Amino acid sequence: MTRNYLAPLMGVAALAIPASVLATNGYQLIGIGAYQKGMGGAITALPGSAMTAVSNPAGAARVGSRADFSMEAFMPSRDVDFSSMGGGSADSAVDIYGVPAIGWTAPTSDGSDLYFGGGMYGTSGMGVDYASTLVTPGNGSTIPPLYWDGYSNVSFWQMAPVLAWNVSERLSVGATLNIDYQSASFKQRVVDGSNNVINNFDLSRSASEFGYGIGLGLLYDISRAFTIGASYKSKQQFAPLEYQLASGDITANGTPLPGGTYQLDLDFPQQAAIGMALRATPALTLAADVKWIEWSATMNRLAVEGPDGIVVPMDPGWSDQTVYALGVDYKVSHRVSLRVGYNYAKAPFGAAQVSHNLLLPAIVETHYTVGGDVQLNNRWQLAFHYMYAPEVTMRAPQNDALMPGAKIALSERSAGMNIGYRF
C-alpha cells in the first residue's frame, strides 16, 4: 500500500493554490462591513452603508452623505487529514485575521442628484500554516516515511471610486473604476524521514501586483414598498505575479527546476447579481439576492510558468458558483435595528479536486449571520455583526492519483463592528 502512495506524493508539492478564503463564497467575502454581513449579503436591492460601492454602485446615490469605518475579525478553523494513508492530521496554526474597510459617499454639490464616493475594501485574504505532518509511514525498510507541510498567505484589496446618479425618484444608476491589489506567498513540500526533500513548491517570497476592472449597478423602485436591484463586476485583470526563485525552489517529479523568474497569471472573476427588497411594514424589510461568480474563468486551470518554457500546472478545478442570500431588517425603534441573514453557495470544487486544494479548503457552503445598529445621535451610528459557517469536510477518492483519501475541513466565524457618520 505504501509503495502505491509514493509516486503520487512525488508531485503533490506543486499543487499549492495562490488564493484564499474569507467568510466566504469561494474566497470572496459574503459582504463588506457589519450591515452587509448582518443581512447575509442580501444587499443588492437594499444598500445600507457606504460599502455599497463594491456591491452595487447605484447604492451610493441612495445611502445619503455618509462615511463608514469597518473592522472584522475573521476566525477560520481548518485541518487536513492523511489517516487514510496511515498518516496523521494537522490543524492550521493561523486562526484569526483582521479585515478593515472604509467607504464614503456624498453629493457632488448641494442638492445634486449626482453622488461621488469610494473607499478601500479588504475583500479577500487569508492563509494556512500546517506543520510537518506524516502522510504515509513507509514500510520500515525500502520505503521511507513521508511528511508534508504547507503555508499560504494571500491578501486582496479593492479601491472603488464610484459615481452614482438618481436619474428619477425611482431609478438610480452607478459605476465604479476598481483599482485592485493582491499579494500571494505560499509553500508546500514533501520530505522523507531523513528530511530529504522529495518535492518542493516554494513561492514563499511574496509577489504582488495591481489590477483593474469596472463595476455597474442599478436600483429601481417598482413601488414605495418594493425595490429591485442589479449589479455587475467585470473580471479584475492583473499583470502576472512574478517570483524570483533559486534552483530547486520548485521540483517536478523529484527533479529540481532551474532558478529564474517564474510567473503566475491570477485574475479575479467577473460576477453579476440581482436582488429585491420588500418593505413589508414600516419596521420590517425583507431582502433576497442571487449572485453568479465565474470562478471557472480564473480558478479552473492555473499554472506557474518559468524560463525555457517551463510550465508547472496547478489546476484547482473550480466551477462557477450561484449564491443565494436572504436578509431581514427589523427596526426595534427609531434608534435601534436588528438583522438576521442566510447565505448559501455550493463549494466551487468537489472531492475529485481535494488533492489540488490542500492549501485552499474553500468548501464552506452555509452561512448564518446576525447584526444590528444603534443611532447614537443624528450623526453617529454604531453597528455590529456575527457570522457562523458550520464545518464542511471533503475527502479525496481512494483512487485519487495524488492524495488518495486525503481529507480537508473548514468552518468559519467572524465578528465585526462598523462606525458610521452622516455628514
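Everything below is about the structure shown above.
To keep things clear, this report deals only with the structure shown in the data block. (Residues numbered from 1 in each chain as written. Predicted model: local features only at pLDDT ≥ 70, side-chain atom pairs only at ≥ 80, totals over all residues. Heavy atoms only, no water.)

### Observations regarding the pattern of salt bridges
Defined as follows: For this document, the term salt bridge refers to a Lys or Arg side-chain nitrogen within 4 Å of an Asp or Glu carboxyl oxygen. A helix here means a DSSP run of H or I that spans at least four residues, while a strand means a run of E at least two residues long, and both kinds are numbered starting from the N terminus. Note on exposure labels: buried denotes an accessible area under 20% of the residue type's maximum, exposed denotes more than 50%, and partly exposed covers the range between, all computed with a 1.4 Å probe on protein chains only.
All chains considered together, the criterion is met by nine salt bridges. A salt bridge links D149 to R189; its shortest N-O distance comes to 2.8 Å. Taken as a pair, D149 in strand β7 (residues 146-159) and R189 in strand β9 (residues 171-192) lie far apart in primary sequence, 40 residues in all. On the basis of relative accessibility, which here comes to 24%, the residue R189 falls in the partly exposed class. Put simply, K187 and D202 hold a salt bridge, and the shortest N to O gap is 3.9 Å. Of the two residues, K187 is situated in strand β9 and D202 in strand β10 (residues 197-221); the sequence distance between them amounts to 15 residues. Assessed through its relative accessible area of 27%, K187 is described here as partly exposed. The network of salt bridges with common partners includes D329, R339 and D373.

### A look at the pairing of β9
Along a regular strand, successive side chains alternate from one face of the sheet to the other. The condition that has to hold: Pairing between two strands requires that DSSP report at least two bridges joining them.
The pairing of β7 with β9 spans 14 bridges and is classified as antiparallel. Bridge assignment links L146 to a residue of β9, and that residue is D192. Remark: four residues form the turn of the hairpin made by strand β8 (residues 162-166) and β9, two consecutive strands paired antiparallel. Bridging between β9 and β10 involves 20 bridges; their strand directions are antiparallel. Looking at β10, one finds that S172 is bridged to L219. Between β9 and the antiparallel strand that follows it, β10, lie four residues; N195 among them carries a positive phi value of about 70 degrees.

### A few points about the packing of aromatic side chains
Operational definition: Working definition: rings of Phe, Tyr and Trp (its six-membered ring) pair if their centres are within 6.5 Å, and the pair is stacked with planes under 30 degrees apart, edge-to-face with planes over 60 apart, and tilted otherwise.
Under the defined criterion, the tally for this structure stands at 18 aromatic pairs. Arranged with centres 5.8 Å apart and planes meeting at 55 degrees, the rings of Y342 and Y368 form a pair that is tilted. Note that Y342 is positioned in strand β22 (residues 336-344) and Y368 in strand β23 (residues 366-375), a separation of 26 residues in sequence. In textbook terms, an aromatic cluster arises when at least three aromatic residues are bridged by ring pairs, as seen for Y27, F156, F238, F268, W295, W318 and F349.

### Some points on the pairing of β22
Alternating positions in β22 separate cleanly, S337, R339, G341 and N343 being buried on one face and V336, L338, V340, Y342 and Y344 remaining unburied on the opposite face. Across eight bridges, the pairing between strand β21 (residues 321-331) and β22 is antiparallel. Paired with G327 across the strands is G341, a residue of β22. Here nine bridges tie β22 to β23, and the two strands are oriented antiparallel to one another. Directly across from V336, in β23, lies its bridge partner V374.

### Section: the sheet that holds strand β20 (residues 311-313)
Spelled out, the test is: Axis geometry follows a simple rule: fit a line to the C-alpha atoms, using only the stretch in contact for helices, then measure angles between N-to-C directions, giving values from 0 to 180 degrees.
Strand order across the open sheet formed by four strands is β13-β16-β19-β20, with antiparallel pairing between neighbours. Looking at which strands have only one partner, the edges of the open sheet turn out to be β13 (241-245) and β20. The sheet shows a mean angle of 25 degrees between the axes of neighbouring strands, direction not considered. Summarising the sheet, strand β19 (residues 303-305) and β20 pair through three bridges and their orientation is antiparallel. Residue pairing in the sheet places V304 in a bridge with V312 of β20.

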